[in-house]
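# Fold and geometry: a report
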Amino acid sequence: MTRDVPFDWLWTNAKLATFDSRVEAPFGLRDGWALAVCGDTISAVLPSDAREVLEFHGEVIDCQGRLVTPGLIDCHTHLVFGGSRAIDWEMRLSGVPYTEIAKRGGGILSTVRATRALSEEELLASALPRLHALAAEGVTCVEVKSGYGLTLADELKMLRVAQRLSEQVPIEISPTLLAAHAVPPEFAGRTDDYVSLIANEIIPAAASANLAEAVDVFCESIAFSVEQCDRIFAAARKHHLGIKGHVEQLSNSHGAELVARHCGWSADHLEYIDDAGVNAMARSDSVAVLLPGAFYFLREKQKPPVEKLRAAGVPMAVASDLNPGTSPFASIRLAVNMACVLFGLTPEEALTGTTRAAAKALGRASRLGTIETGKQADFLVWDATHPAEIVCQLGVNPLRERVFRGKSTHART
Ligand code: DI6
Ligand code: FE
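Residues numbered from 1 in each chain as written. Chains lettered and ligands numbered in written order. Predicted model: local features only at pLDDT ≥ 70, side-chain atom pairs only at ≥ 80, totals over all residues. Heavy atoms only, no water.

With that out of the way, let us pick up unusual backbone geometry. A positive phi angle is found at histidine 240, which is not glycine, with a value near 60°. One can find histidine 240 in the loop between helix H8 (226-238) and strand E10 (242-247). You can call histidine 240 exposed: its relative accessible area is 72%. Phi is positive for histidine 254, which is not a glycine, with a value near 65°. Residue position: histidine 254 is located in the loop between E10 and helix H9 (255-261). (Helix = DSSP H or I, 4+ residues; strand = E, 2+ residues; numbered from the N terminus. Buried < 20%, exposed > 50% of the residue type's maximum accessible area, 1.4 Å probe, protein only.)

Here the iron ion (ligand 2) is held by the protein donor atoms His76 (NE2), His78 (NE2), His246 (NE2) and Asp321 (OD), which lie 2.1 to 2.4 Å from it. For the iron ion (ligand 2), the 4 donor atoms in the first shell make angles of 82 to 167° at the metal, a pattern classed as irregular. Going along the chain, you hit the donors of the iron ion (ligand 2) in the pattern H-x1-H-x167-H-x74-D. Placement of histidine 78 in the loop between strand E6 (72-74) and helix H2 (86-93) and of histidine 246 in strand E10 is noted, with a sequence separation of 168 residues between them. (Donors = N, O, S within 2.8 Å, 3.2 Å for Na, K, Ca; no water. Tetrahedral: all angles 85-135°; square planar, octahedral: opposite > 155°, others 65-115°.)

Moving on: the nonpolar core. Proteins that are soluble and globular tend to have nonpolar side chains buried together. Ranked by internal contacts, the top residues of the largest apolar core, which has 98 residues, are Leu79, Val80, Val142, Leu165 and Leu177. When residues of this core are assigned to their parent elements, the largest contribution, 10 residues, is made by helix H7 (residues 191-208). Residues within four places of valine 142 in sequence aside, it is in contact with Asp74, Thr77, Leu79, Leu131, Leu134, Ile171, Glu172, Ile173 and Ser174. Ranked by size, the runner-up nonpolar core spans 16 residues in total, among them Leu35, Ile42, Phe379 and Val381. (Core = buried A, V, L, I, M, F, W, Y, C linked by side-chain atoms within 4.5 Å. Contact = heavy atoms within 4.5 Å.)

With that out of the way, let us pick up the environment of valine 183. You can see valine 183 is positioned in the loop between strand E8 (172-180) and H7. Separated by 99 residues in the primary sequence, valine 183 and serine 84 have C-alpha atoms spaced 20 Å apart. Those residues in contact with valine 183, other than ones at most four positions away along the chain, are Leu109, Ala188, Thr191, Tyr194 and Phe224.

This structure, assessed with the given rule, holds 10 aromatic pairs. Here the aromatic rings of tryptophan 89 and phenylalanine 297 are separated by 5.7 Å at their centres, their planes lie at 15°, and the arrangement is stacked. With tryptophan 89 in helix H2 and phenylalanine 297 in helix H11 (residues 292-297), this residue pair connects regions lying 208 residues apart in the sequence. In this structure phenylalanine 297 comes out as buried when scored by relative accessible area, which is 12%. On the numbers, 5.0 Å between centres and 70° between planes, the contact of phenylalanine 295 with phenylalanine 343 is edge-to-face. Taken together, the residues phenylalanine 295 in helix H11 and phenylalanine 343 in helix H13 (residues 332-343) connect sequence positions 48 residues apart. Put simply, the rings of Trp89, Tyr296, Phe297 and Phe329 pair up and form one aromatic cluster. Sitting over the ring of tryptophan 33, arginine 30 keeps its end group 4.0 Å from the ring centre. (Phe/Tyr/Trp six-rings, centres within 6.5 Å; stacked < 30°, edge-to-face > 60°. Lys NZ or Arg CZ within 6 Å of the ring centre and 35° of its normal.)

Not every one of the 14 residues close to ligand 1 is listed here, only the nearest: Arg85, Tyr98, Tyr148, His181 and Thr326. Within the side chain of tyrosine 148, one N or O atom sits 2.6 Å away from an oxygen atom of ligand 1. One of the side-chain nitrogen or oxygen atoms of threonine 326 is found 2.9 Å away from an oxygen atom of ligand 1. Contact with the protein chains covers 100% of the free accessible surface of ligand 1, which is 320 Å². Each residue belonging to the shell around ligand 1 can be placed in one class, and the counts come to 4 nonpolar, 8 polar and 2 charged. (Near = heavy atom within 4 Å. Polar contact = N/O pair within 3.5 Å; in protein donor to acceptor, adjacent residues only side chain to side chain. Areas by Shrake-Rupley, 256 points an atom, 1.4 Å probe, with all protein chains shown as cover. Nonpolar A, V, L, I, M, F, W, Y, C, P; charged D, E, K, R; others polar.)

Once that is clear, we can look at the environment of alanine 319. Looking at the element boundaries, alanine 319 is found in the loop between strand E13 (316-318) and H13. Alanine 319 sits in the buried class, given a relative accessible area of 0%. C-alpha separation for the pair alanine 319 and aspartate 268, spaced 51 residues apart in sequence, amounts to 9.4 Å. The residues contacting alanine 319, other than those within four sequence positions of it, are Asp74, Cys75, His76, Val289, Leu290, Leu291, Pro292, Ile332 and Ala335.

Here 2 bridges tie strand E1 (residues 9-17) to strand E5 (residues 67-70), and the two strands are oriented parallel to one another. Paired with lysine 15 across the two strands is leucine 67, which belongs to E5. Bridge count between E5 and strand E14 (residues 379-382): 4 bridges; the pairing is antiparallel. The residue bridging leucine 67 from the neighbouring strand is tryptophan 382, located in E14. (Pairing = 2+ DSSP bridges.)

Below, the discussion takes up the packing of helix H6 (residues 152-168) against H7. Packing of H6 against H7 leaves a shortest axis separation of 10 Å and a crossing angle of 30°. With respect to their mutual orientation, H6 and H7 come out roughly parallel. The hand of the H6/H7 crossing is right-handed. Residues Leu152, Glu155, Leu156 and Leu159 of H6 pack against Glu201, Ile202, Ala205 and Ala206 of H7. Considered class by class, the residues forming the contact of H6 with H7 number 6 nonpolar, no polar and 2 charged. (Axes fitted to C-alpha atoms, helices over the stretch in contact; angles between N-to-C directions. Parallel < 35°, antiparallel > 145°, perpendicular 65-115°, else oblique. Left-handed = near helix turned anticlockwise from the far one by under 90°.)

Before going further, it helps to examine the sheet that holds E10. Spatial strand order, E6-E7-E8-E9-E10-E11-E12-E13: 8 strands in an open sheet with parallel pairing. Of all strands in the sheet, those bounded by a partner on one side alone are E6 and E13. Each adjacent strand pair in this sheet contributes to an overall mean axis angle of 25°, direction not counted. Contacts from helix H5 (residues 120-136) reach E6, strand E7 (139-145) and E8 within the one sheet, and its direction differs from that of E7 by about 145°.

With that settled, the discussion passes to the packing of H5 against H6. Close contact between H5 and H6 brings their axes to 9 Å; oriented N to C, the two are set at 50°. With respect to their mutual orientation, H5 and H6 come out oblique. Regarding H5 and H6, the two cross each other, and that crossing is right-handed. Two secondary-structure elements touch here, H5 through Glu120, Glu121, Leu123, Leu124, Ala127, Leu128 and Leu131 and H6 through Lys157, Met158, Arg160, Val161, Arg164, Leu165 and Gln168. A per-class count over the contact of H5 with H6 returns 8 nonpolar, 1 polar and 5 charged.

Here it is in structure tokens:
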């Protein structure tokens, strides 16, 4: 074995879909290659017939030609919540629009009531099955938002639950403070006062307790204005937190430009983004996060302008938006499938959207999202030979082995 590359494990005879942008083949494919792991890090990516591989005497895992991808990253979820919104859905199916249900005190606020009523333990227990479902599909990193507490104590409770999830499941959590999700009933008619509470108290408390990495907002006519979101982002930046925004989902309020102006990690949804928004995103380093689950479930008609985003070179991520009201789907594979069928992404773009681009949308591009030397050893072995197979057929899970930080956490014999 070579002296300069330390290996603990060697995964050989793999079809590596590296998603490394420097590899010119589609999906960054390297057929017949090997992946070396040292501790929790990828220590080398090299051909299976390289001298170092042939001379290695440690633990060798023969992938027998199977497809290996980076661990999947779900970069936008609201997976911690109480209650169910099946009744809302029934109403919407009979013709009542989402905005009307929200105005009647249903929608987000009914989930707020149910979430406030649960203890931290109960909230944790209710979130675990959703997290297990994502992990079983190969998700190794997931963003989790608060936003159903809307008081200092309840937002921090949600963020503590998000943090504790990673003690229960081998997965990396990226916690996001979304106190600006809805105006809580106590602040009805006093949105600016609630924004002050977020900027002056909730953001500083979450930052000092190290419970959030980023701050998100719902920038929409039924939620917070661009000016209010601007105040919240300024507070977030003061505390060195990343910036994310739910923008242009139901109408165009120029939220994407605001995110770009604050050098945000991502602008999410984007169905109604206009040319000025696309251009602003192209100039900034922000990722466009597409959420086809909500588009499908709300039976929206306006699609995000994928061709324009593509032409402008804006990186596109795809996420589940897992939440009780508008995207109740604990499946990243379904989100990728929908991104292709409903939004017109290619399977390569959509899978890049749950690997390399998703890592960037969570400020983790240097550590996660591709199979490259030096990155965290999060990868998946699939019973598949072409990447499109892993998202084409749903209902059968082709995941064979899930490796998180170097260790196998799920193996099918
Ligand atoms: N946009 C969404 O799609 C979710 N939040 C948001 O700002 C919906 C969340 C919910 O309805 O509970
Ligand atoms: Fe969302």
